[in-house]
Amino acid sequence: MAVTFHDVHTESGFKSLEDHLSGKPYISGDALTKDDIKVYGAVVEKPGDAYPNASKWYESLSEQLAASFPGQAVGVRFTSQPIPASSAPVEENKKEAAAADDDDDLDLFGDETEEDKKAAEAREAAKKASSKKKESGKSSILLDVKPWDDETDMKKLEETVRSIHMEGLTWGASKLVAVGYGIKKLQIMMTIVDDLVSVDNLIEDYLTVEPANEYIQSCDIVAFNKI
């Protein structure tokens, strides 16, 4: 049986509310929502000791609402005492609240609306997109860049490597390492943003094609570390 504005002050209404609040502090779960405010506004007196869940919920809302909204708010009272039937201002507030909501009954157990589902899906998608963006990291790579022979101008070779610019790529320290027979190779560090730069594409599309291949014979990844 759904609890409505019309029956939360009756014994059966209190029992439905008591059962619904079993195991949770608020009507919709762990957080205070407009459902709690609406039902609270419809309760004409504090539930008795026979309804411990409803009584605890009522006292909690009374304290929170009193602290957040000093005084009297539309459709809500901030006292745990029963409201006299002759309390005209409160009755007028109830009428105004009912007119504003355009809804006499509150079904606590109704199905989730299509709008609610779409809103929840949108929030979840935004959360995943944000998490994915935060997870984008960087990597540090050490490259071996080998010349064609001992006559290759290694200064020109390094200038060619460093002339390659792209978003997410930063060149670092470098040194020449002897290979043998008078040949030296260039070892150079680089830092990349993982989502923006592919090392394989950098080698295949930039370092080993014209005009870079005039100096560069091949490239090898010596070390690849996530930062």
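Calculation notes
- Residues numbered from 1 in each chain as written.
- Predicted model: local features only at pLDDT ≥ 70, side-chain atom pairs only at ≥ 80, totals over all residues.
- Heavy atoms only, no water.
- UniProt positions renumbered as here; feature names shortened; annotations may be inferred.
- Salt bridge = Lys/Arg side-chain N within 4 Å of Asp/Glu carboxyl O.
- Helix = DSSP H or I, 4+ residues; strand = E, 2+ residues; numbered from the N terminus.
- Buried < 20%, exposed > 50% of the residue type's maximum accessible area, 1.4 Å probe, protein only.
- Pairing = 2+ DSSP bridges.
- Axes fitted to C-alpha atoms, helices over the stretch in contact; angles between N-to-C directions.
- Core = buried A, V, L, I, M, F, W, Y, C linked by side-chain atoms within 4.5 Å.
- Contact = heavy atoms within 4.5 Å.
- Polar contact = N/O pair within 3.5 Å; in protein donor to acceptor, adjacent residues only side chain to side chain.

- Quoted verbatim from the Sequence similarities (unreviewed entry) heading of the UniProt record, the comment on the chain is "Belongs to the EF-1-beta/EF-1-delta family."
- Database annotation for the chain, UniProt heading Subunit (unreviewed entry): "EF-1 is composed of 4 subunits: alpha, beta (1B-alpha=beta'), delta (1B-beta), and gamma (1B-gamma)."

### Examining the pattern of salt bridges
Part 1 of the reasoning: By the definition in use, this model includes five salt bridges.
Part 2 of the reasoning: Between Lys 146 and Asp 220 there is a salt bridge; the shortest N-O distance is 3.0 Å. Of this pair, Lys 146 sits in strand β1 (residues 138-147) while Asp 220 sits in strand β4 (residues 216-226), placing them 74 residues apart in sequence.
Part 3 of the reasoning: The partly exposed category is assigned to Lys 146, whose relative accessible area is 30%.
Part 4 of the reasoning: Its relative accessible area of 34% is what places Asp 220 among the partly exposed residues.
Part 5 of the reasoning: Of the charged contacts, one joins Lys 226 and Asp 194 as a salt bridge, the two residues approaching to 2.9 Å between their closest N and O atoms. Here Lys 226 is found in strand β4, whereas its partner Asp 194 is found in the loop between β3 (183-193) and α7 (199-207), with 32 residues between them in sequence.
Part 6 of the reasoning: Residue Lys 226 is classed as exposed on the basis of its relative accessible area of 60%.

### Considerations on the sheet that holds β4
Part 1 of the reasoning: Read from one edge of the open sheet, four strands run β2-β3-β1-β4, paired in antiparallel fashion. Looking at which strands have only one partner, the edges of the open sheet turn out to be β2 (169-180) and β4. Neighbour to neighbour, the strand axes of the sheet diverge by 20° on average, direction disregarded.
Part 2 of the reasoning: Pairing of β2 with β3 involves nine bridges; the strand directions are antiparallel. Looking at the pairing, Trp 171 lines up with Met 190 of β3.

### Let's talk about the nonpolar core
Part 1 of the reasoning: The biggest cluster of nonpolar side chains holds 22 residues, and the ones touching the most others in it are Leu 143, Val 145, Val 161, Trp 171, Met 190 and Leu 207.
Part 2 of the reasoning: With 14 residues, the next largest nonpolar core counts Tyr 26, Val 39, Tyr 51 and Ala 54 among its residues.

### Overview of the pairing of β1
Part 1 of the reasoning: When you tally the buried positions in β1, you get eight out of 10 residues, the bulk of the element.
Part 2 of the reasoning: Taken together, the eight bridges between β1 and β3 define a ladder with antiparallel strand orientation. Following the sheet pairing, Ser 140 is matched in β3 by Thr 191.
Part 3 of the reasoning: The pairing of β1 with β4 spans nine bridges and is antiparallel.

### A short note on the environment of Gly 137
Part 1 of the reasoning: Position of Gly 137 among the secondary structure elements: in the loop between α5 (114-135) and β1.
Part 2 of the reasoning: A relative accessible area of 25% places Gly 137 in the partly exposed class.
Part 3 of the reasoning: Sequence spacing of Gly 137 and Val 193 is 56 residues, and the spatial spacing of their C-alpha atoms is 6.1 Å.
Part 4 of the reasoning: Sequence-distant contacts of Gly 137, that is, excluding residues within four places in its chain, are made with Ile 192, Val 193 and Asp 194.

### Remarks on the side chain of Ser 218
Part 1 of the reasoning: The topology assignment puts Ser 218 in strand β4.
Part 2 of the reasoning: Assessed through its relative accessible area of 19%, Ser 218 is described here as buried.
Part 3 of the reasoning: A distance of 3.0 Å separates the side chain of Ser 218 from the side chain of Gln 217, its partner in a polar contact.
Part 4 of the reasoning: If near-sequence neighbours (up to four positions away) are discounted, Ser 218 is found in contact with Asp 144, Val 145, Lys 146 and Thr 208.

### Let's talk about unusual backbone geometry
The phi angle of most residues is negative, glycine excepted, and most peptide bonds adopt the trans form.
Part 1 of the reasoning: Of the consecutive residues Glu 210 and Pro 211, the connecting peptide bond is found in the cis state with omega at 0°.
Part 2 of the reasoning: Its location among the elements puts Pro 211 in the loop between α7 and β4.
Part 3 of the reasoning: Backbone geometry at Tyr 181 places phi at a positive 55°, although glycine is not the residue there.
Part 4 of the reasoning: Within the fold, Tyr 181 resides in the loop between β2 and β3.

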